[in-house]
There are 2 protein chains.
Amino acid sequence: MKISEKRVSGAISAVVAVFVFVSVLAIAAHAGPDEDLIARAKAVFGPLPASMPSAENPITPEKVRLGNMLFFESRISVDRTVSCAKCHPPGLYAADGLRKAIGNHCKENPRNSPTILNAAAQISAHWIGNRTSVEDQARQAVTGPPAFGMPNNESVEKILKAMPEYVALFKKAFPNDKDPVTVENFAKAVGAFERTLVTPSPFDDFMKGKARALTEQQKRGLQTFLDTGCMTCHFSSYLGGQMYQKFGIIEPYQKYTKSAQVDEGRFAVTKNEADKYMFKVPVLRNVAVTPPYFHDGSVDRLADAVVIMAKVQLGRDLAAGQADDIAAFLHSLTGKVPASLLTTPELPPEDEAGIR
Amino acid sequence: MKISEKRVSGAISAVVAVFVFVSVLAIAAHAGPDEDLIARAKAVFGPLPASMPSAENPITPEKVRLGNMLFFESRISVDRTVSCAKCHPPGLYAADGLRKAIGNHCKENPRNSPTILNAAAQISAHWIGNRTSVEDQARQAVTGPPAFGMPNNESVEKILKAMPEYVALFKKAFPNDKDPVTVENFAKAVGAFERTLVTPSPFDDFMKGKARALTEQQKRGLQTFLDTGCMTCHFSSYLGGQMYQKFGIIEPYQKYTKSAQVDEGRFAVTKNEADKYMFKVPVLRNVAVTPPYFHDGSVDRLADAVVIMAKVQLGRDLAAGQADDIAAFLHSLTGKVPASLLTTPELPPEDEAGIR
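Computed from a predicted structure; not experimentally measured.

**Student:** Help me understand the overall build of chain A, please; the structure alone is not making it clear to me.
**Tutor:** Within chain A, the secondary structure is distributed over 15 helices and 2 strands. On the principal axes, the C-alpha backbone points of chain A span a range of 85 × 45 × 40 Å. Looking at the 356 residues of chain A, the share that counts as buried comes to 55%. Counting every atom, chain A has about 15,800 Å² of accessible surface; 59% of that belongs to carbon and sulfur. Computed over 41 positive and 38 negative side-chain charges, the inter-centroid distance for chain A is 3 Å.

Here it is as structure tokens:
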């Protein structure tokens, strides 16, 4: 019985193996046409929505306008040097280009600043899921010790209330609130603004059927991205942001990133052993223009980051050409920074506000 | 003889005194009409030019475009956190709102950041004349220890040369240079950009003859500004920037500003005893929206700064209403931040540049 069971199991395995092999050949034989690649990309990723709405925080023009201003407001930080734009400067695709973000009084943040572009539709903000949404991130940032560093919400609200232009704009944005100038509403306004920040790119044109939107190398890179298994985690319209994953499934990441410190990731939030080294899978849109890479900014070049990911997540040794192809594909995810983010609003004057 | 000389001298003095008194009465009697005030303002200040040209550094569109980008470039600073925009953030009228500017690694600069708006036509940049022009300021900033903090010009040039988009833009801006990517040309590009940053305001409309551009309080304030003698130093289209003057002619300034430290001013540059406590007279355009005040940012409110200036420079005790009137007049010098400064250009990507 046991032997025959093993034989049956072995026969099934062989059949499955042959079937898989034939399927792979069939896909390979079929992969030439752009149409197939487009269809596959659409199935895995899907079109980029025009905004990233939220039931809890509907996007309104009044909130977006206020949020756009507050994004640049540094006077609500403890040393008056930190605004959202400090760690997310518009000219650098809303990431700061530092290994780890620098907050008030030059305090180093624990991890690298992700771009806020296409960021609001993720399962959480930041790397380890300690911010549930972009609103929660904005809310926590004002009192975060290495961020704005304010002692409490009241101190932030006092500053905003002292500038009549802000009071009027909060009233317009939150007309049903008796006392609209709150950190809660600050967070909603900034969040609503961030929910508008999407950056369509050549890859979206490609998914819409314009095969020439991608170069031949970029198409090869996309194919390799799909065949290697990168899309197992980097899926959705944002190519990421939808799940947590262990960094270093196959081998410890620090072996390749040469990270000075080992970050235990989401374990810090949950204290659950299973969450050790778990990080939110980052969004890959604009990844080519937002180095350095990984939660600790330990790697400078995109192609190097691709090689490391294939190695430690998938146990694959990419050929140099393959990594360059994937990097080329990732360049097709570079869009244009939205004009609203590139345009700094004039901020309310403080002369008579006595906010110091 | 001596007695008669004294008598003659005394008689002349009396005649002069009466003449002065009558003249003052005549001016006072005449000062009602807006036309007289407009004429007097035009004579003292004059129209605001559309730009602030320089024979050494002609303004060209190519330089301005490049300079606009470089203004936001933080990757040429030693800790990658400092760009021109750090101390001159566009949303706060290109001043940082800090008492003293904060540079790389949180180093405090010796003095307050002046706005760069309407700044390029001054006799020098900064407070004590240690920067001869806006170009000289940009040139010195990149290696300035509390500013960008780079070890030398070559290290800056290496970073810029590694980004092909910058190389192309430097070539366009400096077509006759064999090796255009230099700190010298960086400074010229940033300077050319700054030379375009002028901000016409209601006061310019007033000087053009539109009497209603100023409120009645603002007109009273202008009258008091002229009558008190403020314009002795704060003259020209920029209401300042044309001379050095001792801060504290009548009394030591720190008695009123409560400054923790006494700054010897231009003496630090010239080592000339006569330059002790001499500072460049600051431009007053946009002064109402660029607190805090004075070289050390020691005073928060504009009206307080006005009271102190009258006291220590002119020995005058302004009535509270007079100081408020002058402050109201100074609000008429608030223009609009130029769109070019409020618009952050997308900066060249660095992925393959190896600039770290």
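**Student:** Help me understand empty space enclosed by the protein in this model?
**Tutor:** One way to see where empty space is left: roll a probe the size of a water molecule over the atoms. Scanning the entire structure with this criterion turns up 6 cavities of 30 Å³ or more. Taken as a whole, the largest cavity encloses approximately 710 Å³ of empty space. Together, 33 residues line the largest cavity, and Ala85 and Lys86 of chain A together with Ser83, Ala85 and Lys86 of chain B are the ones closest to its centre. Looking at the lining of the largest cavity, the elements with two or more residues in it are helix 4 (84-87) of chain A together with helix 4 (84-87) of chain B. A per-class count over the lining of the largest cavity returns 17 nonpolar, 10 polar and 6 charged. The calculated volume of the second largest cavity comes to roughly 100 Å³. Considering the residues around the second largest cavity, the lining is formed by 15 residues, among which Arg75 and Glu350 of chain A together with Leu92, Val289 and Pro291 of chain B are closest to the centre. Across the lining of the second largest cavity, the residue classes tally to 8 nonpolar, 3 polar and 4 charged.

**Student:** Even after reading the chapter, I still don't get the relation of the copies chain B and chain A, so can you show me in this structure?
**Tutor:** Mapping between the two copies of the chain is achieved by a rotation about an axis and a shift along the axis. Rotating chain B by 180 degrees and translating it 0.0 Å along the rotation axis places it on chain A, where the RMSD comes to 0.0 Å. Such values leave the two copies arranged in the relation of a two-fold axis. Among all residues of chain B, the one whose C-alpha sits closest to the rotation axis is Thr343 of chain B, at a distance of 2.3 Å.

**Student:** Which parts of the structure should I look at to understand the confidence of the model for chain A?
**Tutor:** Should pLDDT be low for a region, the predicted coordinates there are not to be read in detail. Within chain A, residue pLDDT values average 93, and 91% of them lie at 70 or more. For this predicted complex, the interface score ipTM comes out at 0.85, while the overall pTM is 0.88.

**Student:** Honestly, the interface of chain B and chain A in this entry has me stumped. Any pointers?
**Tutor:** Interface size is commonly expressed as the accessible surface area that is lost when the partners come together. At the interface, 37 residues of chain B touch 38 residues of chain A. Of the roughly 3,000 Å² buried between chain B and chain A on both sides combined, carbon and sulfur atoms contribute 53%. If you sort the residues of chain B by the area they bury against chain A, Glu346, Asp351 and Arg356 of chain B come out on top, with a joint share of 23%. At the surface where chain B touches chain A, the tally comes to 4 salt bridges. Note that Asp300 of chain B is salt-bridged to Arg356 of chain A, the shortest N-O span being 3.3 Å. At the boundary of chain B and chain A, one finds 18 residue pairs in polar contact (both at pLDDT 80 or more).

**Student:** So what exactly am I meant to see when it comes to the pattern of salt bridges here?
**Tutor:** It is possible for side chains of opposite charge to pair when their charged atoms get near one another. Considering all chains together, one arrives at 44 salt bridges over all chains under this definition. For the salt bridge of Lys276 of chain A with Glu273 of chain A, the shortest nitrogen-to-oxygen distance reads 3.1 Å. A salt bridge links Lys255 of chain B to Glu251 of chain B; the nearest nitrogen and oxygen atoms lie 2.6 Å apart. Each of Glu73, Arg75, Arg80, Glu350 and Arg356 of chain A together with Arg99 and Asp300 of chain B takes part in salt bridges that share partners, so that together they form one network.

**Student:** Even after reading the chapter, I still don't get the environment of Ser77 of chain B, so can you show me in this structure?
**Tutor:** Residues and elements named next belong to chain B. Relative to the helices and strands, Ser77 is located in the loop between helix 3 (61-71) and helix 4. For the pair Ser77 and Ser155, spaced 78 residues apart in the sequence, the C-alpha separation amounts to 9.6 Å. When neighbours within four sequence positions are excluded, Ser77 is seen to be in contact with Val82, Phe148 and Met150. Separated by 2.8 Å, the side chain of Ser77 and the backbone oxygen of Ser74 make a polar contact.

**Student:** Would you mind going over the state of the cysteines with me for this structure?
**Tutor:** Going through the model one piece at a time under the given rule, you end up with 1 disulfide over all chains. The disulfide partner of Cys106 of chain A is Cys106 of chain B, and the gap between their sulfur atoms is 2.3 Å. Where Cys106 of chain A bonds to Cys106 of chain B through sulfur, the torsion about that S-S bond is close to 110 degrees, and the disulfide is right-handed. One end of the pair, Cys106 of chain A, is in the loop between helix 4 and helix 5 (134-141); the other, Cys106 of chain B, is in the loop between helix 4 and helix 5 (134-141), on a second chain. Residue Cys106 of chain A is classed as partly exposed on the basis of its relative accessible area, which comes to 29%. Distance from the sulfur of Cys87 of chain B, which forms no disulfide, to the nearest cysteine sulfur (Cys84 of chain B) is 9.0 Å.

**Student:** Is there a simple way to explain the nonpolar core in this structure?
**Tutor:** General note: in soluble globular proteins, nonpolar side chains tend to be found buried as a group. Within the largest apolar cluster, 47 residues are counted, with the highest numbers of intra-cluster contacts made by Leu66, Leu70, Tyr166, Phe170 and Leu341 of chain A. Put simply, the parts of the chain that give this core at least two residues each are helix 3 (61-71), helix 4, helix 5, helix 6 (153-161), helix 7 (164-173), helix 8 (183-194) and helix 15 (339-342) of chain A. It is helix 8 of chain A that provides the largest number of residues to this core, a total of 7 residues. Counting residues in each nonpolar core, the second largest holds 46 residues, with Ala173, Phe174, Val181 and Ile355 of chain B among its members.

**Student:** How should the layout of surface pockets be read in this particular structure?
**Tutor:** Residue and element names in this part refer to chain A. Of the pockets and cavities examined, the second largest pocket occupies roughly 780 Å³. In terms of lining, the second largest pocket is formed by 42 residues, of which the most central are His234, Pro282, Leu284, Phe294 and Met309. When residues of the lining of the second largest pocket are assigned to their parent elements, the largest contribution, 7 residues, is made by helix 13 (residues 302-314). Grouping the amino acids of the lining of the second largest pocket by side-chain chemistry returns 26 nonpolar, 13 polar and 3 charged.

**Student:** Quick question: what am I supposed to make of the side chain of Ser113 of chain A here?
**Tutor:** Residues and elements named next belong to chain A. Along the chain, Ser113 falls in the loop between helix 4 and helix 5. With a relative accessible area of 7%, Ser113 lands in the buried category. Among the polar contacts listed, one links the side chain of Ser113 to the backbone oxygen of Cys87, at a separation of 3.5 Å. In terms of polar contacts, Ser113 uses its side chain to reach the side chain of Asp96, at 3.3 Å. Those residues in contact with Ser113 that sit more than four places away from it in its chain are Cys87, His88, Ala95, Asp96 and Ala101.

**Student:** How should the packing of helix 3 of chain A against helix 7 of chain A be read in this particular structure?
**Tutor:** The axes of two packed helices give the description: the angle between them and the distance between them. All names here are of chain A. Close contact between helix 3 and helix 7 brings their axes to 8 Å; oriented N to C, the two are set at 145 degrees. Seen along the crossing, helix 3 lies across helix 7 with a hand that is left-handed. Here Glu62, Lys63, Arg65, Leu66, Met69 and Leu70 of helix 3 lie close against helix 7, whose contacting residues are Glu165, Tyr166, Leu169, Phe170, Lys172 and Ala173. Residues belonging to the contact of helix 3 with helix 7 are distributed by class as follows: 7 nonpolar, no polar and 5 charged.

**Student:** Please explain the packing of aromatic side chains as it appears in this structure.
**Tutor:** Here a ring pair, both rings aromatic, is described through the centre-centre distance and the interplanar angle of the planes. Residue and element names in this part refer to chain A. Taken as a whole and judged by the stated rule, the model has 22 aromatic pairs over all chains. An angle of 45 degrees between the planes, with centres 5.0 Å apart, marks the rings of Phe247 and Phe294 as tilted. Taken together, the positions of Phe247 in the loop between strand 1 (244-246) and helix 11 (254-257) and Phe294 in the loop between strand 2 (278-280) and helix 13 put the pair 47 residues apart, joining distant regions of the chain. Here the two residues Phe247 and Phe294 agree in accessibility, since each one is buried.

**Student:** When you look at unusual backbone geometry in this model, what are you seeing that I'm missing?
**Tutor:** Residue and element names in this part refer to chain A. The omega torsion of the bond from Pro291 to Pro292 falls at -5 degrees, within 30 degrees of zero and hence cis. For Pro292, the position within the fold is in the loop between strand 2 and helix 13. If you check the backbone angles, Tyr277 has positive phi at about 65 degrees while not being a glycine. For Tyr277, the position within the fold is in the loop between helix 12 (267-270) and strand 2. Residues other than glycine seldom take positive phi values, yet Phe294 does so here, at roughly 80 degrees. Judged by its relative accessible area of 11%, Phe294 is buried.

Scoring rules and cut-offs
- Residues numbered from 1 in each chain as written.
- Chains lettered and ligands numbered in written order.
- Predicted model: local features only at pLDDT ≥ 70, side-chain atom pairs only at ≥ 80, totals over all residues.
- Heavy atoms only, no water.
- Helix = DSSP H or I, 4+ residues; strand = E, 2+ residues; numbered from the N terminus.
- Buried < 20%, exposed > 50% of the residue type's maximum accessible area, 1.4 Å probe, protein only.
- Areas by Shrake-Rupley, 256 points an atom, 1.4 Å probe, with all protein chains shown as cover.
- Lys, Arg positive; Asp, Glu negative; His and termini not counted.
- Charge placed at Lys NZ, Arg CZ, Asp CG, Glu CD.
- 1 Å grid on protein atoms, 1.4 Å probe; cavity = no way out; pocket = protein on both sides within 12 Å on 5 of 7 lines; lining within 4 Å.
- Points joined across faces, edges and corners; volume = space filled by probe spheres on them.
- Nonpolar A, V, L, I, M, F, W, Y, C, P; charged D, E, K, R; others polar.
- Least-squares fit on C-alpha atoms with pLDDT ≥ 70 in both.
- pLDDT = per-residue confidence, 0-100.
- Contact = heavy atoms within 4.5 Å.
- Buried area = accessible area lost by both parts, 1.4 Å probe.
- Salt bridge = Lys/Arg side-chain N within 4 Å of Asp/Glu carboxyl O.
- Polar contact = N/O pair within 3.5 Å; in protein donor to acceptor, adjacent residues only side chain to side chain.
- Disulfide = S-S within 2.5 Å.
- Core = buried A, V, L, I, M, F, W, Y, C linked by side-chain atoms within 4.5 Å.
- Axes fitted to C-alpha atoms, helices over the stretch in contact; angles between N-to-C directions.
- Left-handed = near helix turned anticlockwise from the far one by under 90°.
- Phe/Tyr/Trp six-rings, centres within 6.5 Å; stacked < 30°, edge-to-face > 60°.

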